[in-house]
Amino acid sequence: MPNDTTLSRRGMFMKLGILFNGLVATALAVPLGRFLLSSITRGRANGYLSWVPLGSVEKFPEGETRLATFRNPLVMPTDGKTVDTACWVRHIEGEQFQVFAVNCAHLGCPVRWFPQSGLFMCPCHGGAYYRDGSRASGPPERGLFEYSYKVHNDLISIQAGEMPTPGPTASLTPKERPCKCA
Amino acid sequence: MQMRLISRIGEWFDRRLQLAAPIREAAEHPVPRNTASWWYVFGSAALIVFLLQFVTGILLAFVYVPSAGEAWSSLQALNHEISLGWFIRAMHGWGSNFMVAIVLIHMMQVFLFGAYKFPRELTWILGVFLLLMTLGMAFSGQVLRFDQDAYWGLGIGASIASRVPIIGPAIVKLMLGGPIIAGATLSRFFALHVFVIPGMLIGFVALHLLMVLKLGINEWPMPGRIVRRSTYLAEYHALTKTDGAPFAPYAIWKDLFFAACILLAVAACALYFGPFGPGGKPDPTIIQTVPKPDYFFLWLYALLSLLPPSLETPALLIGPVLGIIGLLLLPFLSGEGEKSWRRRPIAVLTVLMIAIILGTFTHLAEYTPWSPQMNAWSGAPVPKRFLHGTTALERQGALVFQEKQCRNCHSLEGIGGQRGPSLDSVAVRLTQDQLIRQVIQGGGNMPAYGNNLNPAETTALVAFLETLHPARQAAARDASRDVILSVRQ
């Protein structure tokens, strides 16, 4: 009999030990999980987007589409050149612009603008877009991603900070915008 | 005297470690005689290449800097400044290609030999995970070679991940470690490539090997020798008794020879071809780049170009899941029955079909017929014979043809893009009206050029296109026009 009591006593301690470890593990899981998910939660709390200047409006002649570069608003010391980003600026007229991400709306490769044919072409899977960013042909399901922009004191700024991806909005059925090019 | 000293030292260790007996037992366990075959060497070859990757990977980590700002230059230093750095990089890169290839061959052999059937289901399942981890290592390794291909490859990975319903954007941020591809992205792929996946690989390889030892190597499949759950174990045991031989040295010598040959082959490729890249600097503002994945993902690159847009997201998200579930369920769906490929035509056809599909897609991805050739319009002149004896309007049309970059997608005499059909004899296929319509409205995967051509340019271009027909074959004509013209007369 005494043996049994010792055993169950030890057994209880073991179970308590497991429970104790479980509690500690749960408590530690909170900071570990929050650390792991910080890149998601941070974006949710403050948002990654902010206004970045692209330069003076004069750099972008009316009726033309030019490449501009900007620095990502969030920079970490180990980022190197990766925070420098390119975008295509189309100056329609006056203060009317369109600023496109270089990332193809298909899978993110850098599209190039060809003024001669008036097309953006993607080198990866053959996506093509018209001058207003709408889909022309190829695998993309939508037009180019556009940044919000504002013009103030002859300076054009865009709202940037996140790499555009097709996202769940890349619907299962293709949606084509009608060509609105001038 | 010396021998005695060595054996006494050995005994001293073994009294404490007590490993000699189990190791000898494992090495000398009886295997069916006919498994001592050159077909059975791929598993051990995969293991030896894994060990090679392990060693060369550690050596590379002595120099490599997992920082987006410095990774590329540290690879350059390995290539050019550190003695034999290029060779270690080349061995690691070629080792990776060999590993994927050997794992695939091993898997194919196991499948065709019915080795996944009872009682080796779990060995197969662990093997499926080992394949996924090997592919994970290949992809993350490509990311660590932090060049333009790595950068844009990450963009493609993120774009695919973003398509997951609801949580897509969150997965992207988790994968990239932030809102863009940057330092945090490289750091976490470094952690995956160097700690997480290798750690899992070691554990899974150990279990995989343990199960091979516990359950015995799959016997050579004989047509008509049926696997039954109720009798298999006794039959296998009897086989190793009646027609068995100790694994070492009876079968192991082939593994050893093949392993050494594979290592030599990796070294030979490394010496001859040298290291992979790094390609251009990972600077996102340099957009004059044509990103391409490494060899073993080329088929996927082709598939992504050829899938119809409406099928792409479901195919990308559901396809891999179904494929993996299918592989995992395989031993449960056909855990018994014939093992021999001679009696399993569907298995043989499946392997052939997969090999042909992957081979075809890989071949297509090597010359990317779906991509416009960005410099064909300025680099390849219109061949002289198309201009000989043409009118001024037609020559003007040829100019429009080049200037508007039709050449980027359409070839003349085989030079130019292959995105659209070759135009060598387009006039035979399309009448004047059809040409005008096609140029202005596009369609059939061709953009509309109506907004980019004025009427004079369109007229000239179509006049030129109408001359594109073989000498002895007339251009297509709209017959109804003749009727109308004849009525007028």
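Keep in mind that what you see is a predicted model, and the values were worked out from it rather than measured.

Requested: an account of the nonpolar core, with residues and values cited.
Counting 107 residues, the largest nonpolar core has C87 of chain A together with V49 of chain B as its most contacted members. Here this core takes 11 residues from helix α5 (residues 85-112) of chain B, the largest share from any one element. Setting aside residues no more than four positions away along its own chain, C87 of chain A makes contact with A68, F70, V99, F100, A101, V102, Y147 and I158 of chain A. Counting 21 residues, the second largest nonpolar core, distinct from the first, contains A398, F401, L412 and V462 of chain B.

Describe unusual backbone geometry, and please don't skip the residues or the numbers.
Residue and element names in this part refer to chain B. A cis amide bond, omega 5°, links F118 with the succeeding residue P119. Positionally, P119 belongs in the loop between α5 and α6 (121-144). Of note, the amide linkage connecting A248 to P249 takes the cis form, showing an omega dihedral of 5°. Note that P249 resides in helix α11 (residues 247-250). Phi at E413 takes a positive value of approximately 50°, unusual for a residue other than glycine.

A description of the interface of chain B and chain A should follow, citing residues and the corresponding values.
Each partner contributes to the interface: chain B provides 60 residues, whereas chain A provides 54 residues. Counting residues per element, the ones that place at least two in the side of chain B that touches chain A are α7 (148-161), α8 (168-176), α9 (183-215), α13 (298-306) and α14 (309-333) of chain B. The class makeup of the residues in the side of chain B that touches chain A is 31 nonpolar, 20 polar and 9 charged.

Outline the sheet that holds strand β2 (residues 65-71) of chain A, supporting the account with residue identities and numerical values.
Here we have 4 strands laid out as an open sheet, ordered β2-β3-β4-β9 (chain A), and antiparallel in their pairing. In this open sheet, the two strands that pair with only one neighbour each are β2 and β9 (146-147) of chain A.

For the packing of helix α17 (residues 392-403) of chain B against helix α20 (residues 455-466) of chain B, give the residues involved together with the corresponding values.
Residues and elements named next belong to chain B. Packing of α17 against α20 brings their axes to within 7 Å, and their N-to-C directions diverge by 100°. It follows from the interaxial angle that α17 and α20 lie roughly perpendicular. Contacts from L393, E394, Q396, G397, A398, V400 and F401 in α17 reach E457, A460, L461, V462, A463 and F464 in α20. Split by residue class, the contact of α17 with α20 holds 9 nonpolar, 2 polar and 2 charged.

Summarise the packing of α13 of chain B against helix α15 (residues 345-367) of chain B; cite the residues concerned and give the values.
Residues and elements named next belong to chain B. Relative to each other, α13 and α15 sit at 80°, their axes nearing to 7 Å. With respect to each other, α13 and α15 are oriented roughly perpendicular. Contact residues: α13 offers L298, W299, Y301, A302 and L303, while α15 offers L358, F361, T362, L364, A365 and E366. Here the residues of the contact of α13 with α15 sort into 9 nonpolar, 1 polar and 1 charged.

How would you summarise the pairing of strand β10 (residues 149-152) of chain A if you had to cite specific residues and measurements?
All names here are of chain A. Taken together, the 4 bridges between β10 and strand β11 (residues 155-160) define a ladder with antiparallel strand orientation. If you follow K150 over to β11, its bridge partner there is S157. Counting the residues in the hairpin turn of β10 and β11 gives 2 residues, including N153, whose phi is positive at 50°.

Let's hear about helix α4 (residues 71-80) of chain B: which residues, and what values?
Residues and elements named next belong to chain B. A71, W72, S74, L75 and L78 are the residues of α4 that are buried. Each buried residue of α4 lies within a common arc of 165° when the element is viewed along its axis, so the set occupies one face. For α4, the elements touching its buried residues are α3 (42-61), α5 and α9.

Run through the domain arrangement of chain B, naming residues and quoting values.
What the domain assignment lists for chain B is domain 1 (29-367) and domain 2 (376-488). Placing a centre on the C-alpha atoms of domain 1 of chain B and another on those of domain 2 of chain B gives a separation of 48 Å.

Explain the domain arrangement of chain A residue by residue, including any values.
The assigned domain composition of chain A is domain 1 (2-36) and domain 2 (48-160). For domain 1 of chain A and domain 2 of chain A, the distance between their C-alpha centroids amounts to 55 Å.

Hey, could you go over the sheet that holds strand β1 (residues 50-56) of chain A for me, with residue numbers and the actual values?
All names here are of chain A. A sheet is described by the order of its strands in space; here 3 strands give the open sequence β1-β11-β10, paired in antiparallel fashion. The sheet terminates laterally at β1 and β10, the two strands that pair on one side only. Pairs of neighbouring strands in the sheet enclose a mean axial angle of 30°, with direction left out of account. With 6 bridges connecting them, β1 and β11 associate as antiparallel partners. Looking at the pairing, P53 lines up with S157 of β11.

Lay out the confidence of the model for chain B with the relevant residues and their values.
When pLDDT is averaged across chain B, the result is 91; 99% of the residues are at 70 or more. If you check the scores for this complex, the pTM reads 0.89 and the ipTM reads 0.86.

Parameters and conventions
- Residues numbered from 1 in each chain as written.
- Chains lettered and ligands numbered in written order.
- Predicted model: local features only at pLDDT ≥ 70, side-chain atom pairs only at ≥ 80, totals over all residues.
- Core = buried A, V, L, I, M, F, W, Y, C linked by C-beta atoms within 7 Å.
- Buried ≥ 20, exposed ≤ 12 C-beta atoms within 10 Å, placed from the backbone.
- Helix = DSSP H or I, 4+ residues; strand = E, 2+ residues; numbered from the N terminus.
- Contact = placed C-beta atoms within 7 Å.
- Nonpolar A, V, L, I, M, F, W, Y, C, P; charged D, E, K, R; others polar.
- Pairing = 2+ DSSP bridges.
- Axes fitted to C-alpha atoms, helices over the stretch in contact; angles between N-to-C directions.
- Parallel < 35°, antiparallel > 145°, perpendicular 65-115°, else oblique.
- Arc of directions from axis to C-beta.
- Domains from an automatic or database assignment.
- pLDDT = per-residue confidence, 0-100.

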